[in-house]
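Spelled out from the first residue to the last, the chains are:
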Amino acid sequence: MSARIAHPAFASKVMSAEDAAALIPPGASIGFSGFTGSGYPKEIPGALAKRIKAAHERGEEFTIKAFTGASTAPELDGVLADTGGMAFRTPYQSDPHLRAKINDGTTNYCDIHLSHLQKLINMGFFGKMDFAVIEATAITEHGEIIPSSSVGNNRTYLDIAEKVIIEVNSWQADDLYGLHDIYYGMDIKPRREPIPISSPGDIIGRPTFKVDPSKVVAIVETDDPDRNTPFKPLDDDSRAIAAHLLDFFDMEVKAGRMPPTLWPLQSGVGNIANAVLAGLMDAPYEHMTSYTEVIQDGMVQLIDAGKIDVASATAFSLSPDMAHHMNDHARDYHGKIILRPQDVSNHPEVIRRQFVIATNGMIEADIYGNVNSTHIMGTKMMNGVGGSGDFARNAGYSIFVSPSLAKGGDISAIVPMVSHTDHTEHDVMVIITEQGLADLRGLAPRQRVNVVIDNCAHPDYREALHEYYDRALKVSQGRGIHTPHDLGQAFSWHQRFLETGSMKEFKA
Ligand code: 0RQ
């Protein structure tokens, strides 16, 4: 048994992943650790998937309900989705196999704001939680759980699950101990106190999770690495988007609306977010901070370069190279990186207090500034809303970024009306594409149209968008022109894409 399991009461619980998975019955609700490809259990989901498949081959029903922090990895979401036995899943995911099951109707997917998960679970809307399956770096001699590379919703799963299985992962660096801040003040009660965070470096909790040892039914050991994918090399679009954003920061600093350190930064997942962080490397700002969900490579590089003093998040989302670097140097980041539960990292109160600058990706925006982050052509789930809504509504600055075109130019990211709304016009202050930046602050709907079309739409679609608006204004006369629309045509671009493979009226 590994020295990482220091509490004697847990020693007798060590078993194989297969034996641990055998404890999980059909119909179980399981709270898994895991957030953006880090800190997820590596062994038990695969063993459980085998068990589910074998049951299906015998003609028996075997489904589970899966809860996580956010997206995980092929070894969790992928293998379990492939069994066809994941009947329910919440919250954010990004696995292609699971996406297919969500979109063919096999898996019911409840896509909620990440900060709402703990509250809805504790209020009982998802039923009882049978199991928590949580990755840990180690178990202390006092029986406390040292978190690994993500915190996510683990505190809640450990608290409310009837039974607990811990995967102790010796690949995770011992020196992660001391990087986490686990706050236990989120109970639902009549009088709740403020969450005492006023800047990203504030420590308000403890470095470990508590767990009732009598609930722990199995411990499984592993040394498998987190499997994050490398980032794509920066392309011209991401670089252009980052440059527009940095010009915007310059403008805000000059106008006295942002301090020269900027406000704490939140940046979404993905390549564009990483490009923005890379752009900050050469920008003149010093002593920046970050209050965000995920620590990406770019954030670590900014810390290394002495540009960011401290970054608060709930998880790492690192390339394999950077994950190895973090494992080797975790101690150097104590006090500079803090990982918290997602109901704290994403809490509206704390985000609003700190005037966070929120920058997130989008699928499409419309001419009035409504944003769709989740659905392709109105019906097909991509990933999920994740934490984008937690930040967008409550940030000091709410910014959405995307290339102006998708699928080789057959799709415009600026459309007459979004085919699904995640962030309403009221939550969207700035839209950026490689074409430019639309600053929507203080503008009424009809004043926004030209700003969005002329600054953000690709030239191939600009004229058609102006034509749509002119027609919308005409047909809305006498009916109300606060937000003009030609309802019969509002989704004609999406419809055309579904029918012809392109939003363009006449494909060259
Ligand atoms: O598809 O992978 O098949 O090529 O969407 O698009 O441009 O690479 O951008 O990786 O930043 O993702 C909104 C999905 C953008 C992401 C979204 C297709 C495009 C490509 C990816 P392919 P890009 P990104 C913090 C915040 C919601 C959650 C969030 C996201 C793929 O940012 O999931 O913000 N956001 N969380 O081709 C059809 C369009 C399209 C389109 C792009 N208009 N129509 N397909 N694509 N636009 C993190 C967490 O919450 C954990």
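Every value quoted in this text rests on a predicted model; they were computed, and no experiment measured them.

A.B. asks: For this particular structure, what's the right way to read the side chain of Asn-346?
C.D. replies: With respect to the helices and strands, the residue Asn-346 is situated in the loop between α12 (342-345) and α13 (348-354). Each residue touching Asn-346, except ones within four places of it in the same chain, is listed here: Leu-114, Ser-115, Glu-293, Ile-351, Gly-387, Asp-390 and Phe-391.

A.B. asks: Would you take a moment to explain the sheet that holds strand β18 (residues 371-372) for this structure?
C.D. replies: Pairing between the strands of a sheet comes from backbone hydrogen bonds, and it takes one of two forms, parallel or antiparallel. Read across the sheet, 3 strands follow the order β18-β17-β24 without closing on themselves; strand pairing throughout is mixed. Each edge of the sheet is formed by a strand with only one pairing partner; in this case those strands are β18 and β24 (414-415). Here 2 bridges tie strand β17 (residues 364-366) to β18, and the two strands are oriented antiparallel to one another. In the strand pairing of β18, Ala-365 is matched with Val-371.

A.B. asks: Hey, could you run me through the sheet that holds strand β3 (residues 86-90) in this one?
C.D. replies: One open sheet accounts for 7 strands, arranged β4-β3-β2-β1-β5-β8-β9; its pairing is parallel. Of all strands in the sheet, those with a lone pairing partner are β4 (108-109) and β9 (216-222), marking the two edges. Pairing of strand β2 (residues 64-67) with β3 involves 4 bridges; the strand directions are parallel. Residue Ile-64 lies in a different strand from β3, and its bridge partner there is Met-86.

A.B. asks: Help me understand the packing of helix α3 (residues 44-57) against helix α4 (residues 74-82), please; the structure alone is not making it clear to me.
C.D. replies: Helix-helix packing: each pair is described by the crossing angle between the helix axes and the interaxial distance. Between α3 and α4, the least distance of the axes is 8 Å, while the angle of their chain directions is 10 degrees. Taken together, the axis directions place α3 and α4 in an arrangement best described as roughly parallel. Here Pro-45, Gly-46, Leu-48, Ala-49 and Ile-52 of α3 come into contact with α4, specifically with Glu-75, Leu-76, Val-79 and Leu-80.

A.B. asks: Hey, could you run me through the nonpolar core in this one?
C.D. replies: Judged by nonpolar contacts, the single largest core of 71 residues is most densely connected at Ile-166, Phe-249, Leu-280 and Ile-399. A total of 6 residues in this core trace back to one element, the largest contributor, which is helix α8 (residues 236-254). Residue contacts for Phe-249: discarding those within four places in its chain leaves Met-258, Leu-262, Leu-265, Leu-280, Tyr-285, Ile-357 and Ile-399. Grouped together as the second largest cluster of nonpolar side chains are 31 residues, Leu-48, Ala-49, Met-86 and Met-381 included.

A.B. asks: Explain the site of the ligand to me, please; I cannot follow it from the model alone.
C.D. replies: Neighbouring residues of the ligand: 24 residues in total, closest Glu-293, Ile-363, Asn-383, Gly-387 and Lys-407. Ile-363 is positioned such that a nitrogen or oxygen atom in its backbone is 2.9 Å from a nitrogen atom of the ligand. Bound to the protein, the ligand loses 80% of the 1000 Å² it would expose on its own. When the residues that make up the shell around the ligand are grouped by side-chain class, the tally is 12 nonpolar, 10 polar and 2 charged.

A.B. asks: Would you mind going over the confidence of the model for the protein with me for this structure?
C.D. replies: In this model, the protein carries an average pLDDT of 96, and 99% of its residues clear a pLDDT of 70 or more. At the level of chain-chain contacts, confidence expressed as ipTM amounts to 0.98, with global pTM at 0.97.

A.B. asks: For this particular structure, what's the right way to read the side chain of Asn-370?
C.D. replies: Within the fold, Asn-370 resides in the loop between β17 and β18. Within the structure, the side chain of Asn-370 is placed 2.9 Å from the backbone nitrogen of Glu-425, a separation counted as a polar contact. Apart from residues no more than four positions distant in its own chain, Asn-370 is found in contact with Glu-364, Ala-365, Val-418, Thr-421, His-423, Thr-424 and Glu-425.

A.B. asks: I keep staring at the UniProt feature "domain: Acetyl-CoA hydrolase/transferase N-terminal" (unreviewed entry) in the protein and nothing clicks. Help me out?
C.D. replies: Per the UniProt record, "domain: Acetyl-CoA hydrolase/transferase N-terminal" (unreviewed entry) is found at residues 10-221. The distance separating the terminal C-alpha atoms of residues 10-221 is 12 Å; by composition the span is 24% helix and 18% strand.

A.B. asks: Would you mind going over unusual backbone geometry with me for this structure?
C.D. replies: Phi is mostly negative for residues that are not glycine, and the peptide bonds are mostly trans. In this structure, the amide linkage connecting Thr-90 to the following residue, Pro-91, adopts the cis form with an omega of -15 degrees. Among the structural elements, Pro-91 can be located in the loop between β3 and α5 (96-103). In the Ramachandran plot, Met-377 falls in the positive-phi region, its phi being about 50 degrees despite a non-glycine side chain. With respect to the helices and strands, the residue Met-377 is situated in the loop between β19 (375-376) and β20 (380-381).

A.B. asks: For this particular structure, what's the right way to read the packing of aromatic side chains?
C.D. replies: Aromatic rings considered in pairs are described by the distance between their centres and by the relative angle of their planes. Enumeration over the complete set of coordinates arrives at 7 aromatic pairs. Summarising the aromatic geometry, the rings of Phe-88 and Phe-126 are spaced 5.9 Å apart at their centres and angled 55 degrees between planes, so their arrangement reads as tilted. Remark: Phe-126 occurs in the loop between α6 (117-122) and β5 (131-136) and Phe-88 occurs in strand β3; sequence separation between them is 38 residues. Per residue, the accessibility class of Phe-88 equals that of Phe-126, and both read buried.

The rules behind the values
Residues numbered from 1 in each chain as written. Predicted model: local features only at pLDDT ≥ 70, side-chain atom pairs only at ≥ 80, totals over all residues. Heavy atoms only, no water. Helix = DSSP H or I, 4+ residues; strand = E, 2+ residues; numbered from the N terminus. Contact = heavy atoms within 4.5 Å. Pairing = 2+ DSSP bridges. Axes fitted to C-alpha atoms, helices over the stretch in contact; angles between N-to-C directions. Parallel < 35°, antiparallel > 145°, perpendicular 65-115°, else oblique. Core = buried A, V, L, I, M, F, W, Y, C linked by side-chain atoms within 4.5 Å. Buried < 20%, exposed > 50% of the residue type's maximum accessible area, 1.4 Å probe, protein only. Near = heavy atom within 4 Å. Polar contact = N/O pair within 3.5 Å; in protein donor to acceptor, adjacent residues only side chain to side chain. Areas by Shrake-Rupley, 256 points an atom, 1.4 Å probe, with all protein chains shown as cover. Nonpolar A, V, L, I, M, F, W, Y, C, P; charged D, E, K, R; others polar. pLDDT = per-residue confidence, 0-100. UniProt positions renumbered as here; feature names shortened; annotations may be inferred. Phe/Tyr/Trp six-rings, centres within 6.5 Å; stacked < 30°, edge-to-face > 60°.

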